[in-house]
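# Coordinates in review
Single-letter residue listing:
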Amino acid sequence: MLDAKIPSGPIQDKWDKHRFELKLVNAANKRKYKVLVVGTGLAGASAAASLAELGYVVEAFTYNDSPRRAHSISAQGGINAAKNYTNDGDSIWRLFYDTLKGGDFRAREANVYRLAQLSNNIIDQCVAQGVPFAREYGGLLANRSFGGAQVSRTFYARGQTGQQLLLGAYSALSRAVGKKQVKMHTRKEMLDLVVIDGKARGIVTRDLVSGKIESHWGDAVILATGGYGNIFFLSTNALACNVTSIYRAYKKGAYFANPCFTQIHPTCIPVSGDHQSKLTLMSESLRNDGRIWVPKNKGDKRPPNEIPEEERDYYLERKYPSYGNLSPRDISSRSAKEVCDDGRGVSSTGYGVYLDFEDAIKRLGQKEIEARYGNLFEMYERIIGEDPYTTPMMIYPASHYTMGGLWVDYNLMSTIPGLHVLGEANFSDHGANRLGASALMQGLADGYFVIPYTIGDYFARNSFDKIDEEHEEFKKVEKAETEKINKMLSIKGKKTPTEFHRELGKVMWENCGMGRNESGLKKALELVPQIREEFWQNLTITGEADDLNIVLEKALRVADFLEFAEIMLWDALERKESCGGHFREEYQYPDGEAKRDDENFAHVAVWEYTGQENKPKRHIESLVFENVELAVRSYK
Amino acid sequence: MKLTLYIWRQKNAKSKGFMEKHQLDGVSEDMSFLEMLDVLNEQLIHEGKEPVAFDHDCREGICGTCSLTINGTPHGPEAATTCCQLHMRKFKDGDSIYIEPFRAKAFPVIKDLISDRSALDRIIQAGGFISVNTNQAQDANALPVSKEKADLAMDAAACIGCGACIAACPNASSMLFVAAKVSQFALLPQGQPERKRRVLSMVEQMHQEGFGACTNIYECEAVCPKQVSVRFIAQMNREYMGAYMKNEE
Amino acid sequence: MSIVSYLKSTILSKIVMAVTGIILLLFLIGHTLGNLQIFIGREVFNQYAYFLQSTGELLWVFRAVMLLSAILHIVTSVYLKFYNLKAKPQKYAVTNYVKATLSSRTMIWTGIAIACFLAYHLLHFTFGVTNPEHTKYNGYVEKGAGLYVEYNMPVPELIEGKYIEIPDGKILFKQKDVYKMVILGFKNPFISIVYIIGVIIVGFHLNHAIQSAFQTLGLNHPRYSPSIIAGSSTFSFLIALGLISIPVSVLLGIIGGVA
Ligand SMILES: Cc1cc2nc3c(=O)[nH]c(=O)nc-3n(C[C@H](O)[C@H](O)[C@H](O)COP(=O)(O)OP(=O)(O)OC[C@H]3O[C@@H](n4cnc5c(N)ncnc54)[C@H](O)[C@@H]3O)c2cc1C
Ligand code: FES
């Protein structure tokens, strides 16, 4: 029933062949089609600009005050491409294999191969847009190795790669806006999807300044609304990131794939107290020179410099002698949690581990460390107020990325015809774990180089009734949203949306975070509905609906998180294996390594909404591996 | 610690604003400035009062959304730091803190501490791009760019578009913002074909938006969280003069 | 219309400010160097004045350029001031500058003060309106010999700025005894103080103005800019110092003891 529409033939030729088979829309007819693009991060901005260049009528939406502020802006490390400029043996095939293996073989071969193919076009496109990538003295592009990759294939612009790529896409989008090819709606949040005659035909939004509920019609809808990492309350995501658009689409019939695949990043600045609103990522590169440790004794409260060498536990070096401090993200994260759960964590909350540069400074000198990490040390000092040159840094894992998302086929179309999903919002390319520097690649591949072709095929194969915002379906959704808002405002309870969010986050982090087990997940499945129930009885919102209302905005997002949390828990519960970012404590080898079950779980779990009170229905899309052998990851 | 906050409150774009006084106790020095405001807001909601609306998103100093003028300085007292990265340890127990929105005629206040900075987007729309359609690009290494130029272009491109430069300038001049973009592209070979048109149309839009004239006082550079240098303004002046004199349109 | 259409562009306006400012500055440099000759003595100083007077039409061209520059400089700055006030209608409840110097923020006010000072200066020395008793003394320069000769005064039939043959066959040129005029003027402590203050304000204005002109004309480079900024301050200081030294020296009796 789930048809991924993967073209036949050798993997290298699939995309070419597919592009030939896609139907085209005559150039003069393109302006007869209107596309709504929700989200203007890397995926959305690149899609909106590219579609406008082709001649489609495009309207784009973001809740930010400008497309340039999308969460993509905060990506630091870089973007991968198989250019092989460094001549170190990279190839499309190797990037394909690394990405697939990094995802623990839970992604589609054909999609990942296409991604690797398109990676090169992305770099060309961005350079042409004026993205100032790092260069060598000879004037050619520089590369670095990132996230443990064996080849140097990562392109970067200082520690601000995401910013520069987004500004590139933003400039292309701005050009189209200036030429009136794209109508840009800022500070407008999508509340729901409108499906008419089985096709996605529009959205309903709330104007965040005036509070007005508005309808927008289109012939196709693209969701590029990013990830839902903020389900954990604390994450490295921007504060406004939320699940609303994709969750609402799910409720309207789009299937949700692998919701439990979330990534926890090991090197973030630890929580300092209840006031904490977000967690800041510290570049993974710090692990190249820093040594990670905690005291051997529980509750050892001495300052780190007074703890003698023999009373320190360099647990990663001890457990994984060959990879040591460079063990992969999921393993480092889990190990940190283990020692903290054991009562040996540091920082005021007990949830932190040391990342110590003392040896590195002795070995390389302070100058060299400063050259390598100066700006990161500065940022750390700004936030924590301690000098990492003299006192070891403290780090702790945090939610960072969500591999799960709406299910899409090879054309990036969801199970609702006309609803396309791009970037982090879809599930397609990263399997159970995303490698560093590959999210930017995927977002841009989707937006620049996939959707412009595949959406034409959808238009060419379908006919569209003329509709407008007066259609009864729009009125119905508008009314439902207005009623929902009024209901929220009328509760007048005692708890703020943030308090509910924090509570939900805690339950999710403890039971569906770095380590998951059946009893925890089941407990969470009881707790979440209780929080949700209380939410609808005890919520307090100040101000009015028809005004800029930050409390209401937050409440609307939290309400959807509270419902969505359940599918995430169901998915984690039913995936009875450990793979990538999903670690089920029951499924591990005696030495604590994740135990994958390829026999029973080499598939995508795809969830269908079946009504508010029912358990969602789990479908599967089997993953067929014709080109790679499923290997076990080992980092001993 | 205990603080006295004076915060700009304004119902909407049309109403008149005023400074409102709040006492806030129990502020920890580990909080970021925005987390301190979060605490205040939670308190206000519990008291049934409307919380203070302010703009923010990434809280990592990169998205450029946060925009508070703290004690008369956009983004507050710490150099090269956005207010979302500013931490309370920069303040003392008993301090009075004045918090206002970014002000300029071109940045009308929408509510409380939120101002409308879409004028900056319109300047980019007028010419802050290189006209290349998707898939029109040649190989990324076809045009070498000297490392020095690429680095300088990156210095300019580091702008996060927060508008602090404008908020700090007594003339509300947006020269630093515009110059950063103009210079970035003028330094790169890809930016050459549209070099003259770009600077002329971006400057024209800047005038239409009602930003003031630069008087070279460099307050913009001093408050810029990304330390974008005023040398780019000099470069833009050069670009503009050249383009103006040779303009054939 | 067309002559002031540059005002529509703030960058062009700034360039006009810089270029007219440089012209005025060049004049000021010459004026300062010329005036410092007063330390050499009465003859040389009056000789210098004679040289200036004798340039004829050129003098008028020069005056026209100065006048035009001053007008453009003033009109543009006033226009920009109003333009800028409009761009920032609402001020902050507290102001706090991080880097902007006092001189950079007060250019319009120092500028206005300088304009007033200049007007007074012209009325005082050039037009002899405020204190005619300072400017009534004349001297004569003999054509060919070029030397300053003092005659008994007044010689009413001589017209200022014109060569006249007097009965003893000499051709004389009548001009003010500029040296005496300066000394008399600065002997008055009140007038001296006005001048000293005026010149300090000029120095203050220049402190920002010189480096600002470099920036406006696009000359900013990390290697040279610190020197430009330091040089700008030093230079303004020297000009102010040079100009102040004259009234101070007069007051202290270092020069002009005889007059
Ligand atoms: C700190 C950090 C560092 C990272 N570093 C890297 C890296 O080095 N390399 C890498 O490859 N990846 C990195 N990533 C991941 C990567 O940045 C993201 O996965 C990617 O940018 C997502 O892009 P996107 O376009 O899908 O969504 P986003 O950039 O999240 O954009 C979402 C857009 O949707 C809009 N939106 C959302 N919901 C609504 C709604 N309801 N109504 C209207 N608009 C809506 C938003 O306004 C926004 O415009 C990093 C992530 C983080 C958090
Ligand atoms: S909130 Fe993003 S820069 Fe401050």
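Above: the structure in question.
As the structure is a prediction and not an experimental result, all values here were calculated from the model.

Let us look at the overall build of chain B. Summing up its helical and strand segments, chain B has 8 helices and 7 strands in all. Along the first, second and third principal axes, the C-alpha set of chain B runs to 60 × 35 × 35 Å. In chain B, which comprises 249 residues, the share counted as buried stands at 67%. Summing over all exposed atoms, chain B offers an accessible surface of approximately 8,300 Å²; the carbon and sulfur share of this is 48%. On chain B, the mean spot of the 27 positive side-chain charges and the mean spot of the 31 negative ones are 5 Å from each other.

Another aspect to go through is the pairing of strand 18 (residues 603–608) of chain A. All names here are of chain A. The element strand 18 is extensively covered by neighbouring structure, given that 5 of its 6 residues are classed as buried. Sheet topology places strand 10 (residues 256–257) next to strand 18; 2 bridges connect them, and they run antiparallel. Paired with F256 across the bridge in strand 18 is W607. Examined bridge by bridge, strand 18 and strand 19 (residues 617–622) share 6 bridges and lie antiparallel to one another. The residue of strand 19 that forms the bridge with V606 is H619.

With 23 residues, helix 11 (residues 439–461) of chain A extends 31 Å from end C-alpha to end C-alpha; this agrees with the ideal 33 Å at 1.5 Å per step. Buried residues dominate helix 11 of chain A, accounting for 20 of its 23 residues.

Contact residues are listed per partner, giving 79 residues for chain A and 78 residues for chain B. Summed over both partners, the interface of chain A with chain B comes to about 6,300 Å²; 51% of that surface belongs to carbon and sulfur atoms. One salt bridge in this structure joins D55 of chain B and R187 of chain A, with 2.9 Å as the shortest N-O distance. Between the two partners, chain A and chain B, sit 46 residue pairs in polar contact (both at pLDDT 80 or more). Contributing elements (two or more residues each) for the side of chain A that touches chain B: helix 2 (42–54), helix 4 (109–128), helix 5 (161–178), helix 10 (366–384), helix 11, helix 13 (497–512) and helix 15 (550–574) of chain A. Looking at which element gives the most residues to the side of chain A that touches chain B, the answer is helix 5 of chain A, with 9 residues. Per-class residue counts for the side of chain A that touches chain B are 31 nonpolar, 29 polar and 19 charged.

Quick notes on the rules
Residues numbered from 1 in each chain as written. Chains lettered and ligands numbered in written order. Predicted model: local features only at pLDDT ≥ 70, side-chain atom pairs only at ≥ 80, totals over all residues. Heavy atoms only, no water. Helix = DSSP H or I, 4+ residues; strand = E, 2+ residues; numbered from the N terminus. Buried < 20%, exposed > 50% of the residue type's maximum accessible area, 1.4 Å probe, protein only. Areas by Shrake-Rupley, 256 points an atom, 1.4 Å probe, with all protein chains shown as cover. Lys, Arg positive; Asp, Glu negative; His and termini not counted. Charge placed at Lys NZ, Arg CZ, Asp CG, Glu CD. Pairing = 2+ DSSP bridges. Expected span 1.5 Å × (residues − 1). Contact = heavy atoms within 4.5 Å. Buried area = accessible area lost by both parts, 1.4 Å probe. Salt bridge = Lys/Arg side-chain N within 4 Å of Asp/Glu carboxyl O. Polar contact = N/O pair within 3.5 Å; in protein donor to acceptor, adjacent residues only side chain to side chain. Nonpolar A, V, L, I, M, F, W, Y, C, P; charged D, E, K, R; others polar.

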